[in-house]
Each structure stands twice: as C-alpha cells, then as structure tokens.
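Notes for the structure review
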Amino acid sequence: MEKQIEDEINLILAECYENGMIPFHQSISDVRDKAITRAKILGLIKCKNKGAYEISKKD
C-alpha cells in the first residue's frame, strides 16, 4: 500500500503541475485520499479553494 500511495502522490503532483490544480471530490479512492492527506502533511500541496488543491510554493 505504501508504494501505491507514493505513486499516487507523484500522479497528484504531476496533475498539479500540468493543470495548475487538482479537484477534490468526495468520491475518490482510498489510495488517492491517503495520498492527498500525506501530500498536505508533507507540505507538497495546499488548499486552493473548497474543492481543489495546488502545489505549495515555498518562499
């Protein structure tokens, strides 16, 4: 499961770079939900608005 979460984080980051953000829906897979949570904890993504996340920018 850990490898799946890491792979999903990489997909999330790629989507954010490509599209500027990723939408967040209630009906996402368990792996994607855990990957989003982990990416937020690690400071890789942040909430853009109520339904989307974007890459965190470090100053």
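A brief structural summary. Here the residue index of a chain counts from 1 through its sequence in written order. Per-residue local features are limited, in this predicted model, to residues with pLDDT of at least 70; the limit for side-chain atom pairs, both in listing and counting, is 80 or more; totals at the level of whole chains, interfaces and linings are taken over all residues. Side-chain numbers here rest on the full set of heavy atoms in the structure, without hydrogens or water.

**Remarks on the environment of Met21**
Segments assigned H or I by DSSP are reported as helices when at least four residues long, segments assigned E as strands when at least two residues long, and all are numbered from the N terminus. With respect to the secondary-structure elements, Met21 resides in the loop between helix H1 (2-19) and strand S1 (22-23). Throughout, a contact is declared for two residues whenever any of their heavy atoms are within 4.5 Å. With sequence-adjacent residues up to four places away left out, Met21 is seen in contact with Glu15, Cys16, Lys48, Ala52, Tyr53 and Glu54.

**Describing the side chain of Ser56**
Mapped onto the elements of the fold, Ser56 is located in the segment after strand S3 (52-55). By the criterion applied in these results, polar contacts are pairs of N or O atoms within 3.5 Å in which, for protein atoms, one can donate a hydrogen and the other can accept it, and in which residues neighboring in sequence qualify only through two side-chain atoms. A polar atom in the side chain of Ser56 sits 3.4 Å from the backbone nitrogen of Lys46. Beyond its immediate sequence surroundings of up to four residues, Ser56 is in contact with Gly43, Leu44, Ile45 and Lys46.

**Some words on the environment of Ile36**
Following the sequence through the fold, Ile36 ends up in helix H2 (residues 30-41). Ile36 sits 28 residues away from Glu8 along the chain, and the two C-alpha atoms are 8.4 Å apart. Not counting the four nearest positions on each side in its chain, Ile36 is found in contact with Ile12, Ile22, Phe24, Ile28, Ile45 and Tyr53.

**Quick look at the sheet that holds strand S2 (residues 45-49)**
Between any two strands, pairing holds if DSSP finds at least two bridges. One open sheet holds the 3 strands; their spatial order is S1-S3-S2, and the pairing between them is antiparallel. The two strands at the open ends of the sheet, each matched to only one other strand, are S1 and S2. One ladder, built from 2 bridges, connects S1 with S3; its direction is antiparallel. Bridging across to S3, Pro23 finds its partner in Ala52. Packing of H1 onto the sheet brings it into contact with S1, S2 and S3, and relative to S3 it is tilted by some 85°. Note on geometry: axes are lines fitted to C-alpha atoms, helical ones only across the stretch in contact, with angles between N-to-C directions running from 0 to 180 degrees. Along the sheet, H2 contacts S1, S2 and S3; its crossing angle with S2, the most-contacted strand, is approximately 105°.

**Points about the pairing of S2**
Pairing of S2 with S3, which is carried by 4 bridges, proceeds in the antiparallel orientation. Along S3, the bridge assignment pairs Ile45 with Ile55. Counted along the chain from S2 to the antiparallel partner S3, the turn is 2 residues long.

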